[in-house]
Amino acid sequence: MSGAREKKRAKKMRNQPASVTLPAEPGPFGGGGSRACPTPGDVRSEQQQQKFSNQSSGPSYRKDQYFSKGQSRGERGRGRGGWQGGHQSASEEMPKYITVSAFAQARAAEISAMLKAVSQKSSNSLVFQTLPRHMRRRAMSHNVKRLPRRLQEMARKEAEKAVHQKKEQSKTKCRKARRRHINLVAEFNHRQRKNIWLETHIWHAKRFHMVKKWGYCLGNSPTEKSYRACYRAMTKQCLLQDLSYYCCLELKGKENELLKQLARICSTDTGLTFQEASCLSGRFEGSLNLYRADRYPEDTLGPVTFIWKPRDGSDNRQLWIWVHPALKQDILRELKAIFQCSEPEEICISEPVTTSVQEEKQVEVVTSLGNKRKKEDKEGEKAVPVKKIIGDGTRDPFQSYSWISRTTGIVISDRSMEILRYRLIGPLSHSILTETLKAASVQTVRKLTLHEMADSETELNNWWVENCKDSEKVSLHQCQSAIFELLEGMSSPSDMPPGTILGLTVGDPRVNLPKKKTKAMPDVEKYQDNDKVRQLYLKGVPADCAHSFIWDHDICKNVTENKISEQDLNHMRAQLLVPGSHLDLGPCESKIPILLVQQPGKMAGEDRPGWGSGWDICLPKGWGMAFWIPFIYRGVRVGGLQEALKHSEYQRTPHTPNDFPDCQAGMQFAKELEASLLEKFKRRPPAKRANYVKLGTLSPFICPWGQLTKNWEERMKASGGFLCPSSPHPDCCTTEGQTLCDPKAEAVREASPENGEAEETMEITSSEGTLKTEDLTSTQDFGERDETKTSDFIVLRSEKLLMQLSAWCYPTAGKDRRIRLISRLGQKEMTEDVFLPILMSYPRALVWVNLSLLRKGNPELHAMICIPTEDDLLHLSKDKLFCGPQEPKHRDIFKDKVQKQKEEKKKKKKKKDNVKSLECDPAGIPDVKATEDHEDLILGLWSDALPDVTSHCSRTVLGYVTRGDFSLAVGCGEALGFVSLTGLIYMLHNQPADKKGLVLLRTPASLQYRFARLNIEV
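Keep in mind that this is a model prediction, so the values were computed, not measured. (Residues numbered from 1 in each chain as written. Predicted model: local features only at pLDDT ≥ 70, side-chain atom pairs only at ≥ 80, totals over all residues. Heavy atoms only, no water.)

Another aspect to go through is the overall build of the protein chain. When you go through the protein chain residue by residue, the secondary structure sums to 37 helices and 25 strands. A separation of at least 24 residues holds for 78% of the contacts in the protein chain among residues at least 6 apart in sequence. In the form shown here, the protein chain has an accessible surface area of approximately 54,100 Å², with 51% of it arising from carbon and sulfur atoms. (Helix = DSSP H or I, 4+ residues; strand = E, 2+ residues; numbered from the N terminus. Contact = heavy atoms within 4.5 Å. Areas by Shrake-Rupley, 256 points an atom, 1.4 Å probe, with all protein chains shown as cover.)

With that settled, the discussion passes to the sheet that holds strand β4 (residues 239-242). Read across the sheet, six strands follow the order β13-β14-β15-β12-β4-β16 without closing on themselves; strand pairing throughout is mixed. Each end of this open sheet is capped by a strand with a single partner; those strands are β13 (501-507) and β16 (637-638). Of the pairings in the sheet, the one linking β4 to β16 comprises two bridges and is parallel in character. Counted as the bridge partner of Leu239 is Arg637 from β16. Across the sheet, helix α23 (residues 553-561) touches β14 (591-599) and β15 (614-620), and the angle it forms with β14 is around 115 degrees. (Pairing = 2+ DSSP bridges. Axes fitted to C-alpha atoms, helices over the stretch in contact; angles between N-to-C directions.)

Here we take up the sheet that holds strand β3 (residues 216-222). Taken in spatial order, the three strands line up as β1-β3-β2 in an open sheet, and their pairing is mixed. Either end of the sheet is taken by a strand with one partner, and the two such strands are β1 (196-197) and β2 (208-213). Strand direction decides the pairing type here: β2 and β3, joined by six bridges, are antiparallel. Residue pairing for β3: Val211 is matched across the bridge by Leu218. In this fold helix α26 (residues 641-651) packs onto β2 and β3, with an angle of close to 70 degrees to the strand it touches most, β3.

Here the structure, examined in full by the defined rule, presents 34 salt bridges. The residue Asp607 makes a salt bridge to Arg652 at a minimum N-O spacing of 3.1 Å. Here Asp607, found in the loop between β14 and β15, pairs with Arg652, found in the loop between α26 and α27 (664-683); they are 45 residues apart in sequence, far enough to count as distant. Look at Asp607 and you get partly exposed, because its relative accessible area is 29%. Residue classification places Arg652 among the buried residues on the basis of a relative accessible area of 10%. When the shortest N-O distance is used, the salt bridge between Asp659 and Arg963 registers 2.6 Å. Placement of the pair is Asp659 in the loop between α26 and α27 and Arg963 in strand β22 (residues 957-967), with a sequence separation of 304 residues. The exposure classification of Asp659 matches that of Arg963, with both residues buried. (Salt bridge = Lys/Arg side-chain N within 4 Å of Asp/Glu carboxyl O. Buried < 20%, exposed > 50% of the residue type's maximum accessible area, 1.4 Å probe, protein only.)

Once that is clear, we can look at the packing of helix α13 (residues 255-262) against helix α15 (residues 328-339). Two measures define how a pair of helices packs: the angle their axes make with one another and the distance between the axes. For the pair α13 and α15, interaxial distance at closest approach is 10 Å and the crossing angle is 120 degrees. Judged by the inter-axis angle, α13 sits oblique to α15. Remark: the crossing between α13 and α15 carries right-handed chirality. Contacts from Glu257, Leu258, Gln261 and Leu262 of α13 reach α15 at Leu335, Ile338 and Phe339. (Parallel < 35°, antiparallel > 145°, perpendicular 65-115°, else oblique. Left-handed = near helix turned anticlockwise from the far one by under 90°.)

Attention now goes to helix α12 (residues 227-236). At 3.6 residues per turn, the α-helix brings residues three or four places apart onto the same side. Those residues of α12 that fall on the buried side of the exposure criterion are Ala229, Cys230, Tyr231, Ala233 and Met234. Here the buried face of α12 lies against β4, β12 (419-425), β16 and α26.

Time to look at the environment of Thr407. Structurally, Thr407 is set in the loop between β10 (402-404) and β11 (411-414). Overall, the relative accessible area of 61% leaves Thr407 in the exposed class. Residues Thr407 and Cys341, 66 residues apart in the sequence, show an inter-C-alpha distance of 8.9 Å. Within the structure, Thr407 has its side chain in polar contact with the side chain of Ser405 (distance 3.1 Å). (Polar contact = N/O pair within 3.5 Å; in protein donor to acceptor, adjacent residues only side chain to side chain.)

The topology assignment puts Thr697 in the loop between α27 and α28 (705-719). The spacing of Thr697 and Trp942 is 245 residues in sequence and 8.2 Å in space, taken between C-alpha atoms. Apart from the residues lying within four places of it in its own chain, the contact partners of Thr697 are Tyr692, Met864, Arg1002 and Pro1004. Engagement of the side chain of Thr697 in a polar contact is seen with the backbone oxygen of Pro1004, the distance being 2.8 Å.

This paragraph deals with the nonpolar core. Of all hydrophobic cores here, the largest spans 66 residues; its most connected members are Val847, Leu851, Leu981, Leu1014 and Ile1016. If you tally residues by element for this core, the top one is strand β19 (residues 845-853), at seven residues. With sequence-adjacent residues up to four places away left out, Leu981 is seen in contact with Leu796, Leu805, Ile838, Leu839, Tyr842, Ala845 and Val847. Judged by nonpolar contacts, the second largest core, of 47 residues, contains Ile432, Ala440, Ile617 and Trp628. (Core = buried A, V, L, I, M, F, W, Y, C linked by side-chain atoms within 4.5 Å.)

Of all nine residues in strand β23 (residues 972-980), nine are buried, a share of seventy percent or more. Relative to β23, β19 runs antiparallel, the two being bridged by seven bridges. Each residue of the ladder has a partner; that of Leu851, found in β23, is Ala975. Of the pairings in the sheet, the one linking β22 to β23 comprises eight bridges and is antiparallel in character. Paired with Val961 across the bridge in β23 is Gly977. The hairpin formed by β22 and β23 contains four residues between the paired strands, and Gly971 there has a positive phi angle of roughly 90 degrees.

Here we come to a positive patch on the surface. Taken together, Arg175, Arg178, Arg179, Lys206, Arg207 and Lys517 make up a surface patch of like positive charges. Of note, Arg175 is situated in helix α9 (residues 175-178). (Patch = residues over 30% accessible without salt bridge, like charges linked within 9 Å, V, L, I, M, F, W, Y side chains within 5 Å. Lys, Arg positive; Asp, Glu negative; His and termini not counted. Charge placed at Lys NZ, Arg CZ, Asp CG, Glu CD.)

Turning to the packing of aromatic side chains, a few remarks are in order. One pass over the full model with this rule turns up 26 aromatic pairs. Summarising the aromatic geometry, the rings of Trp214 and Tyr245 are spaced 6.2 Å apart at their centres and angled 20 degrees between planes, so their arrangement reads as stacked. Pair noted here: Trp214 is in the loop between β2 and β3 and Tyr245 is in the loop between β4 and β5 (247-254), with a separation of 31 residues, a long-range link. Through a chain of ring-to-ring contacts, three or more aromatic side chains come together here, namely Trp203, Phe208, Tyr422 and Trp628. Its end group placed over the ring of Phe103, Arg107 keeps NZ or CZ at 4.9 Å from the ring centre. (Phe/Tyr/Trp six-rings, centres within 6.5 Å; stacked < 30°, edge-to-face > 60°. Lys NZ or Arg CZ within 6 Å of the ring centre and 35° of its normal.)

With that out of the way, let us pick up the pairing of strand β6 (residues 286-291). Along any regular strand the residues' side chains alternate between the sheet's two faces. In terms of burial, β6 is a largely internal element, five of the six residues being buried. In this sheet, strand β7 (residues 300-308) lies alongside β6 in antiparallel orientation, the contact comprising six bridges. Note on β7: the bridge partner recorded for Leu290 is Gly302.

Within the fold, Glu589 resides in the loop between α24 (566-574) and β14. Within the buried set, Glu589 has no salt-bridge partner at all; the shortest N-O distance to an opposite charge, 5.0 Å, is to Lys591. Within the local environment of Glu589, its side chain forms a polar contact with the backbone nitrogen of Asp508, the two atoms lying 3.1 Å apart.

Moving on to the confidence of the model for the protein chain. In the predicted model, the protein chain carries a mean pLDDT of 76, and the fraction of residues at 70 or more is 72%. Here residues 723-790 is a poorly scored stretch, pLDDT under 50, and it has 135 contacts once near neighbours within four places are set aside; other chains count. Confidence over residues 922-934 falls short of pLDDT 50; this stretch has eight contacts with residues more than four positions distant or in other chains. (pLDDT = per-residue confidence, 0-100.)

Residue Pro297 is bonded to the preceding Tyr296 through a cis peptide linkage, with omega at 5 degrees. As for its placement among the helices and strands, Pro297 is situated in the loop between β6 and β7.

Turning to a nonpolar patch on the surface, a few remarks are in order. On the surface, a cluster of nonpolar side chains totalling about 420 Å² of accessible area is made up of Ile111, Met114, Leu115 and Val118. Inspection of the secondary structure assignment puts Val118 in helix α7 (residues 100-119). Here Val118 falls in the exposed class, since its relative accessible area comes to 62%.

Our focus in this paragraph is the side chain of Asp299. Examined against the element boundaries, Asp299 turns out to sit in the loop between β6 and β7. Look at Asp299 and you get buried, because its relative accessible area is 14%. At a separation of 2.7 Å, a polar atom in the side chain of Asp299 contacts the side chain of Arg295.

Once that is clear, we can look at the packing of helix α32 (residues 832-841) against helix α37 (residues 981-990). At a closest axis distance of 10 Å, the pairing of α32 and α37 adopts a crossing angle of 165 degrees. Here α37 runs roughly antiparallel to α32, going by the angle between their axes. As for how α32 packs across α37, the hand of that crossing is left-handed. Between α32, through Phe835, Ile838 and Leu839, and α37, the contact on the second element is made entirely by Leu981, Thr982, Ile985 and His989. Its residues assigned to classes, the contact of α32 with α37 comprises five nonpolar, two polar and no charged. (Nonpolar A, V, L, I, M, F, W, Y, C, P; charged D, E, K, R; others polar.)

Glancing now at the state of the cysteines. As enumerated under the stated definition, the model contains zero disulfides in all. You can see Cys248 has no disulfide; the closest cysteine sulfur is in Cys618, sitting 7.9 Å from it. (Disulfide = S-S within 2.5 Å.)

Set out below in structure tokens:
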């Protein structure tokens, strides 16, 4: 037989029992009787029987299993079935006699095996598929009676077996079924159980790169190229951001009790507190940094903003604290501790229970999606529609979100995702707001007595009707509407007092939606001199106008539940006599309470005052897209997390949690950033990545703040009174036997400033890099250093001291200008009597600074801020085009260790291949331990404990950059970061009067230093 026939026959015989074999040559009995009772001397027949029994035992198709090893092609043909040349050898193998009992027993076994093989299927095909093609009919697949009678019984068994073994089909098969509203909403609710979706998530997911952060799914950056466009929007137009992921913590209780405990977690030294009179009245929003109770300036919790509800004549007050989600748990835990709110409030548990019941109904509907939708399944009005999860619906229904203090009666509520918050940035924010939002019309009972009172739809505005009965509230609403209309007459949001709050009740913004996208422009006529606008400039919004119904939980719940759906709204538009005309809902139009909060923009510094100012709008949940789309149709540009980062960078303000290294969220962010950068570094081959050891960069992926402040403190202790007020130059300021900033102390040969190139190679050994004091023996490894503890260092946030430092490092251009400036600001001259008490009070402190490059250069993340030497400043004064010195190359002291580690790994791999020899050879065990000691060695990274980070390079390190890039606002490279307070005072004290505040910047992957000017903006 040919190879194809052999494979086909082997496939048919793979399910046959191994006991049944075909004979080599058919005997006279047709069944191979020569094998049934072979003669004792017939060895050949036994060998043939054994050979062919091996052929049919396995399912493999290889030829070497069918034939013996030394068999020729001719022998293979004669031995496969016995059909070729069978009569020639029949007489030779004919037995002389047989035993009847043994013969019958063998035949019975073969017959039973044959019947079993016939009854069992030998393939995966169905019964009707075994018929010839001309006998097959389509109806056979579902109608058994169409088959021949001999096959109907087997077909019935197959059908019964298929019912039990049938897999559960997917509940939504086709795209049409998946896109049904009920299935779509159920799927969306299921997908946001781990990461909460904002109400604008679907809109963002189609246009943004989405990231999962802080338990939310947020838009990171637009998919289109919009880097410069977003900056232009912030500068000249309007940028829209969804800040609904910020958490709102609500505090209710007596004012005295609230202020008494809140004063423990903040300090007047840093600026405003909760007791500020302007904020306590409810007119303005305040911002501050929170600390653990009675722990200032240590144990920072993070920055927050707060809004007080305006007074209503009672002793109980209401306070909103807006917190970044990364800081929420720490701040909430501290608030519950100081107010002793350990027990959940029983009154507020009803809402989570409703949410859980709603989720149970959703699960019931989801389980029934696979069934056909019949009329009797709807049960009329009893059918449960799947509702979209609105608010923080993913919270565990058994988890408390409201806590009460039994002693003081103060209630803390977590209103995360209950209040939405959008941010409009740019000078056109006024025009966007005034065109999109219209003040709600006043409804009286007289208008509702005709036919609307009988209509059930009037229940959606019953709270508004009840409030309109009060004449005082109607006059207040009219006053708020008049002030809101005056906003269009302002050129920029920064013209308003910082943090102004305006409450308002508006109509449904979907009614005023334009046909096409338009660009909202300011009204030039309203820019004319107006007394009301000038009064708004000077006095701001009255305290009464800051009131809003959004503070009332019941009203917010009513507004959310009774919102008119998009389907109903479109149906009303379709019934208009003139298509595209204005849709007037009359008294059925929804009334939404909102809160407008002014954002002042850039307030510190002298350049670009008010840049980035805008308005925040707070809404009840459920109305996110109803306000989002009208804003889009007015020509705003939408930004994500990266645009928010750039907004704070151009404002030169710290960004949460990136620029808060002294709080837990900032430390966690630094660890995650280090892990991602290290993973990215490892993905590159060693020849295609920077060798940071040779570049003199000890920590390229994380800023060792604890090590930096500790080294500067040890420098101050070792030198005693190293800051000599009589000598402004570093040459006269020496320590015990050496100059503090002398490069010779580190055994370094600098490059000549004339050519700016390094000619010598810096050699750093472990003995030269270690500190002289014995305190560094406790320094941990690279990933376990002490900067993760809050007690290692603090960030200086005292406004008084920051203003003093800002005056000291202010750039001077003329003679005695600094003296006049300091006297004008009311600050003291920089003397030893002034700064030594500061150093004693804050030995390990960091200062937030911003740096502007003098020449070309682009600062990067984790760039080093260094102190220039006297030669560097002298060279800069002679050559104005001097970019900066260069760092000499360092010697890689870990290169040999890494090479040795590679060789040991190769040896270990070879020993693993031969396990027996490894077990017999006991000398191979220490080699395995030796390789484990150097597992963490990576070529190009510093693997041992960090030496003195201040003196490792030729220029003394002062601090590090946390954010840096080319600034479109200034037109040069700008950087933001932290420097050591001790190092900053040392540098300012020793610099010449006309070079105050000049520093050097060096990126981690470069040897080139760049001159920059250091400023502290308060």
